[in-house]
Amino acid sequence: MTLNDNVVLKLENINAGYGKFHVLFDMNLEVPKGKITVLVGPNGAGKTTTLNTIFGLATIHSGKVYYRNKDITKVPAHQRAKMGMAYTLQLFNIFSSLTVKENLVLATYDIPESEAKKRMEEVFQLFPRLKERLFQKAGTLSGGERQMLAISISLVRKPELMLLDEPTAGLAPKLAKEVFQAIRQLGDQGYTIILAEQNAKGALETGDEAVLIASGRIVAKGKASELLERKDLAKMYLGLI
Amino acid sequence: MGFAAFMAPLYYASILSLLSVGITLSYMTTKVFNFAHVRYATVAAYFAAATMLTLIVHHHITLNAATRTIGGIQYIMPLPGWIYVVGFVVASIVGGLVSIFLYYAILKPLERKGLPPLALMISTLGFDFLLVAFLFIFMSEKPIINLAAKASSIIGTVNFASLGLDFTDAYIRIGNTMVRGSVLGALVLAVVTTIVLTFLTRKTKLGIMMRSSIENPNLALVLGVNVDRVFAIAWFLAGLIAGMAGFLLLFGTSFLKFISPTSPYNSIVVSVFAGSIVGGIFNVEGSIGGGFLIGLIEKWFVPWLAAVLSMPSLIKYNKVFSMFAVALTLLFIPEGLASIRFSKFRKKKGGGEA
Amino acid sequence: MTNFVILAEQILSFIGIYYIVSIGLNLKAGHMGIPDFGHAMFFAMGGIVVGNIVSHLAAAVAAKSIPGVTVAGVIASNTKTLTIMNRQFFPHHPFLDIGLIILALILSTLLGGFLGWIASLPALRLRGEFLAILLLTVAEGLRVIFTYTKSLMGSTPTVGLSTPALFSWTHNSGVAATVFTIIMALIVYAFVERLHNSPAGRLFRAARDDEDATEALGKNVVTVRRDAMIIGSALAGIAGTVYALNPFLGGGSVAAVSIFNRVWWTFWPWALIILGGMASNKGTGLATIIVGVSLIWPVRLYSFKVAQLLHASALGINPDQFANALEYAFIGLIILIVQASLPRGIIPEPPSRTLPFEKYAKGRILPPESKKK
Ligand SMILES: Nc1ncnc2c1ncn2[C@@H]1O[C@H](COP(=O)(O)OP(=O)(O)OP(=O)(O)O)[C@@H](O)[C@H]1O
Ligand SMILES: [Mg+2]
């Protein structure tokens, strides 16, 4: 099996869940290179589980996961990180007892120090606020700053595939917009991103491709802008109208 | 109180601290109180004793009780130095291996099944019983007692086969006292362990990975840390250190009594837990200090108090003092008392991000 | 034939006593979620009631008529005093004996419950493994106190105190003690089954499964936990008394090393309730029967033969120790195998039987299942 060079990741007939618990059904998905793919859907639809499946944190009952032409279905999670995947978790996505700096140092523990420093500077260009709070305990950051740090932890690893789970959850609209803008910027820089979001409108406006998940199944796929126009979906699943 | 009177308390306190730190290491990583931990020391002591005795028999080693001098320091080393070294290495490795076996063969599979920490703690109890069964079978006559008898007949002392069966200790002169090698060894080992572990957890890459895995295992995992392996290393270290303590215990008490699973010496388990809790179950250095403190309370403070109050029977009640130390720590001292933070953390997990 | 009777008596005594002590633990650990690793201390209270208090009371009466018996002698020359009373006094005073049995049961219930109440105080502040370790440590401290305090447990921890033969008035005291043990176990079973399906029992499990919801119902979780601690510990106290009165397990004496033995009276009951299924009264019963029969009959009786069969002594393995080893391996394997393959036990916790559906609907009682999420 070889992937088209433009496809970074592919899910093939995935049935997955947690232990015996079945969450995802017959999922097929291709993630194009250098694009932002958005996963939207109601609460409990299986967005996080899809990301967990991609990163090897869920139980795969059947089906296969391909990443850069390799079958990684059985590869353990920590090795996927070494293969260039990064994952910003939905909850507990920072080391809250450590300072901002220590968080970033930790995230680059397997990268040479000089290179790590360079990358941190790049991250600070995207999120200047973090630089001001370098020595603050991460647990005391505001919600927005927290999410920025969480994204930065993935970003300093220069991932080839970046999974973001609800980076705007609980943020005020203005802050959420800032975060979406930052993500769009990353997309424009050529990062391949999968973005799972509750905030369907913001996410669809940010992303290139979109996938709508409901009850563990993909119910619609297409360009993000097109999905945004689909009144039927908007009403049924996204609560946009 | 003379210098010599401190020897036994220091020895005991050092050994407790070596065992307490293992409880903390394994608790910090997997959130499991390991009931089998102290038994590692016993099993390791068993293997070390069996190896040393076999070597004595095999090489027809005789005791050398003469006082010798090296670099102006007087010492007595009854057995050749390499025998002690072999025993020490065997004990450490056996301790480490038993620990890692428990981690990979029992805890990990059960954890994957979704068993809660309390159930995992009970499974360490089940494993402890298996170790006890092992000791019951192999510490009886042929495997070790006969071996000890043979060894002692070659060595030409009554040391092994009769009365105490304690191993022949070395001595070093410090000032005008001949200090037992095991006492000095225990003290040095406790200090070295503290330094090495502090360095390891604070300054090395492994330490960084360990601390991040402890604080947030999922996040560490997605950053590419092999959390299982990091924890396994912590468990191995815990077992290794317990094995060293087991080796030292060969010299302190009658070792056959010590390795007997039914012996009252096993109430050391409670003192070890006490050390770990009083010192801080989330703090490696703290637990070493805690073990030391409990050891000194039991073997130095209580006897001193008994003498001061002229109530000699008080000495027998020394474990009651440890009990109070544990109760007071758990109930009233917020610092180092990680239980409250821990339960809050768990609540938070259940109730979503606060 | 007599061998068979003795074997049956041993097995039934084991089952009866272990059922009571395990069900007491099950009430705390299974129904209420309190990880009591100090259960042996409550059991010990029951033993002390018989070995110490009842003997003193009996001696006070016997001293008037029997030469050589004094109240002080119960501790000072324990074996001698109890031997005289067991031969010359108890066989001839059936009503006094029955009275003493009942008194012992009442006292052990009260003392076990009282100690349980004290132990429940830290249980309000601590949770999970930390509470387990605390209770373990407290039990150990208490063991030390009792072991070395002569006026409580006699002069040596291994010999302890001889127990009064309160069934010596019957035709066959062994059978009588066994029947008594079984009757006590059945009474306890009836009690806990009632409790399980009563509002109090449901409240225990509700408080275990969701403290906040229970608080919201206006029930104080603190009181609920306390009650479970008291009742469970009182049952352990009763078990201790039954043990001390039973010649087959107690062997006619109570000693600190045996009644405080945390392996026998804390860890074994844990193994039994895990095997049976947490919070399952029937499961605990079945587990006790399975373990009682297999332990006492094949494991204990034949381990010696197995040792011979395996040529243990040729390997230098002491057959007695081999028997001990088998026992420990047996219990260790039960714990590990059950946890690996049957984490909910052989008879998983049943739903409450008498809970009418309408009450769910009215929202007065939350169904236990619905609250986890
Ligand atoms: N660790 C787990 N064990 C068992 N079930 C889980 C676990 N995590 C999630 N689930 C279940 O899987 C289903 C899908 O959850 P998932 O987290 O993937 O939803 P989601 O789309 O990310 O929702 P949200 O927008 O609320 O984050 C839910 O029913 C959830 O209860
Ligand atoms: Mg989610």
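Here's what I pulled together on the structure shown here. The shown structure was predicted, so the numbers you read here are calculated from the model rather than taken from an experiment. (Residues numbered from 1 in each chain as written. Chains lettered and ligands numbered in written order. Predicted model: local features only at pLDDT ≥ 70, side-chain atom pairs only at ≥ 80, totals over all residues. Heavy atoms only, no water.)

Quick word on the overall build of chain A
Moving on, step 1. Summing up its helical and strand segments, chain A has 10 helices and 10 strands in all.
Moving on, step 2. Here the C-alpha atoms of chain A give a radius of gyration of 17 Å, agreeing with the 18 Å that 2.2 N^0.38 yields for 241 residues.
Moving on, step 3. For chain A, the spread of C-alpha atoms along the three principal axes comes to 45 × 40 × 35 Å.
Moving on, step 4. Among the 241 residues that make up chain A, the fraction classed as buried is 55%.
Moving on, step 5. Taking all contacts inside chain A whose residues are at least 6 apart in sequence as the whole, residues at least 24 apart take part in 66%.
Moving on, step 6. If you sum the accessible surface of chain A, you get close to 10,700 Å²; carbon and sulfur atoms cover 51% of it.
Moving on, step 7. Here chain A contributes 32 positive and 25 negative side-chain charges, whose respective centroids are spaced 3 Å apart. (Helix = DSSP H or I, 4+ residues; strand = E, 2+ residues; numbered from the N terminus. Rg over C-alpha atoms; globule rule 2.2 N^0.38 Å. Buried < 20%, exposed > 50% of the residue type's maximum accessible area, 1.4 Å probe, protein only. Contact = heavy atoms within 4.5 Å. Areas by Shrake-Rupley, 256 points an atom, 1.4 Å probe, with all protein chains shown as cover. Lys, Arg positive; Asp, Glu negative; His and termini not counted. Charge placed at Lys NZ, Arg CZ, Asp CG, Glu CD.)

A short note on the coordination of the magnesium ion (ligand 2)
Residues and elements named next belong to chain A.
Moving on, step 1. Within the protein, the atoms that donate to the magnesium ion (ligand 2) are T48 (OG1) and Q90 (OE1), at distances of 1.9 to 2.2 Å. Note that T48 is positioned in helix α1 (residues 47-55) and Q90 in the loop between β6 (85-88) and α3 (100-107), a separation of 42 residues in sequence.
Moving on, step 2. What makes T48 partly exposed here is its relative accessible area of 23%. (Donors = N, O, S within 2.8 Å, 3.2 Å for Na, K, Ca; no water.)

Let's talk about the interface of chain B and chain C
Moving on, step 1. Contacts between chain B and chain C engage 48 residues on the former and 47 residues on the latter.
Moving on, step 2. Carbon and sulfur atoms supply 78% of the area that chain B and chain C bury against each other, a total of about 4,300 Å² over both sides.
Moving on, step 3. At the boundary of chain B and chain C, one finds 0 salt bridges.
Moving on, step 4. Summed over the shared surface of chain B and chain C, the result is 5 residue pairs in polar contact (both at pLDDT 80 or more).
Moving on, step 5. Taken together, the elements giving at least two residues each to the side of chain B that touches chain C come down to α3 (81-112), α4 (117-138), α5 (141-155), α11 (268-279), α13 (318-332) and α14 (338-351) of chain B.
Moving on, step 6. At 15 residues, α4 of chain B tops the list of elements feeding residues into the side of chain B that touches chain C. (Buried area = accessible area lost by both parts, 1.4 Å probe. Salt bridge = Lys/Arg side-chain N within 4 Å of Asp/Glu carboxyl O. Polar contact = N/O pair within 3.5 Å; in protein donor to acceptor, adjacent residues only side chain to side chain.)

Quick notes on the packing of helix α6 (residues 181-203) of chain B against helix α7 (residues 205-215) of chain B
Residue and element names in this part refer to chain B.
Moving on, step 1. The contact between α6 and α7 brings their axes to 5 Å, and the two run at 75°. Of the possible angle classes, the one that applies to α6 and α7 is roughly perpendicular. Contact residues: L200, T201, R202 and K203 in α6; K205, L206, G207, I208 and R211 in α7.
Moving on, step 2. Here the contact of α6 with α7 is composed, by residue class, of 3 nonpolar, 2 polar and 4 charged. (Axes fitted to C-alpha atoms, helices over the stretch in contact; angles between N-to-C directions. Parallel < 35°, antiparallel > 145°, perpendicular 65-115°, else oblique. Nonpolar A, V, L, I, M, F, W, Y, C, P; charged D, E, K, R; others polar.)

Structural notes on the site of ligand 1
All names here are of chain A.
Moving on, step 1. The environment of ligand 1 is made up of 14 residues, and the closest members are N43, G44, T48, T49 and Q198.
Moving on, step 2. Within the backbone of G44, an N or O atom sits 2.8 Å from an oxygen atom of ligand 1.
Moving on, step 3. One of the side-chain N or O atoms of K47 is found 2.8 Å from an oxygen atom in ligand 1.
Moving on, step 4. Calculation on ligand 1 without its partners gives an accessible area of 630 Å², and the protein chains cover 63% of this total.
Moving on, step 5. Ranked by the residues each element gives to the shell around ligand 1, the list is headed by α1, at 3 residues. (Near = heavy atom within 4 Å.)

A closer look at the sheet that holds strand β2 (residues 73-76) of chain B
Residues and elements named next belong to chain B.
Moving on, step 1. Read from one edge to the other, the open sheet built from 4 strands follows the order β1-β2-β3-β4, with strand pairing classed as antiparallel. Edge positions in the open sheet fall to β1 (67-70) and β4 (177-180), since each of these has one partner strand only. Strand-to-strand twist across the sheet, computed as the mean angle between neighbouring axes with direction ignored, equals 35°.
Moving on, step 2. Here strand β3 (residues 171-174) pairs with β4 via 4 bridges, running antiparallel. In the strand pairing of β4, I172 is matched with V179. (Pairing = 2+ DSSP bridges.)

Focus: the interface of chain B and chain A
One frequent convention defines the size of an interface as the accessible area lost when the parts assemble.
Moving on, step 1. Taken together, the contact between chain B and chain A spans 18 residues of the former and 23 residues of the latter.
Moving on, step 2. Overall, the association of chain B and chain A removes approximately 1,900 Å² of surface from exposure, summing both partners, and the carbon and sulfur fraction of that is 69%.
Moving on, step 3. Linking chain B with chain A are 0 salt bridges.
Moving on, step 4. Across the chain B-chain A interface, the total number found is 8 residue pairs in polar contact (both at pLDDT 80 or more).
Moving on, step 5. Of all the secondary structure elements, the ones that give two or more residues to the side of chain B that touches chain A are α7, α8 (217-222) and α14 of chain B.
Moving on, step 6. Its residues assigned to classes, the side of chain B that touches chain A comprises 8 nonpolar, 5 polar and 5 charged.

Topic: the nonpolar core
Moving on, step 1. Within the largest apolar cluster, 295 residues are counted, with the highest numbers of intra-cluster contacts made by L9 and L161 of chain A, F33 of chain B together with F37 of chain C.
Moving on, step 2. With 18 residues, helix α9 (residues 227-252) of chain B is the largest single contributor of residues to this core.
Moving on, step 3. Counting residues in each nonpolar core, the second largest holds 5 residues, with I297, V302, L305 and A306 of chain B among its members. (Core = buried A, V, L, I, M, F, W, Y, C linked by side-chain atoms within 4.5 Å.)

Details of the packing of aromatic side chains
Moving on, step 1. Applying the stated criterion to the full structure yields 39 aromatic pairs over all chains.
Moving on, step 2. Look at F55 of chain A and Y87 of chain A: their rings are 5.6 Å apart centre to centre, the planes differ by 40°, and that puts the pair in the tilted class. Of the two residues, F55 of chain A sits in helix α1 while Y87 of chain A sits in strand β6, which places them 32 residues apart along the sequence.
Moving on, step 3. A relative accessible area of 0% means that F55 of chain A is categorised as buried.
Moving on, step 4. In this structure Y87 of chain A comes out as buried when scored by relative accessible area, which is 3%.
Moving on, step 5. Between F43 of chain C and W265 of chain C, the aromatic rings sit 3.9 Å apart at their centres with planes inclined by 15°, giving stacked as the arrangement. On the criterion of sequence distance, the pair formed by F43 of chain C in helix α2 (residues 39-65) and W265 of chain C in helix α13 (residues 262-276) is long-range, its members being 222 residues apart.
Moving on, step 6. Owing to a relative accessible area of 2%, W265 of chain C belongs among the buried residues under this scheme. (Phe/Tyr/Trp six-rings, centres within 6.5 Å; stacked < 30°, edge-to-face > 60°.)

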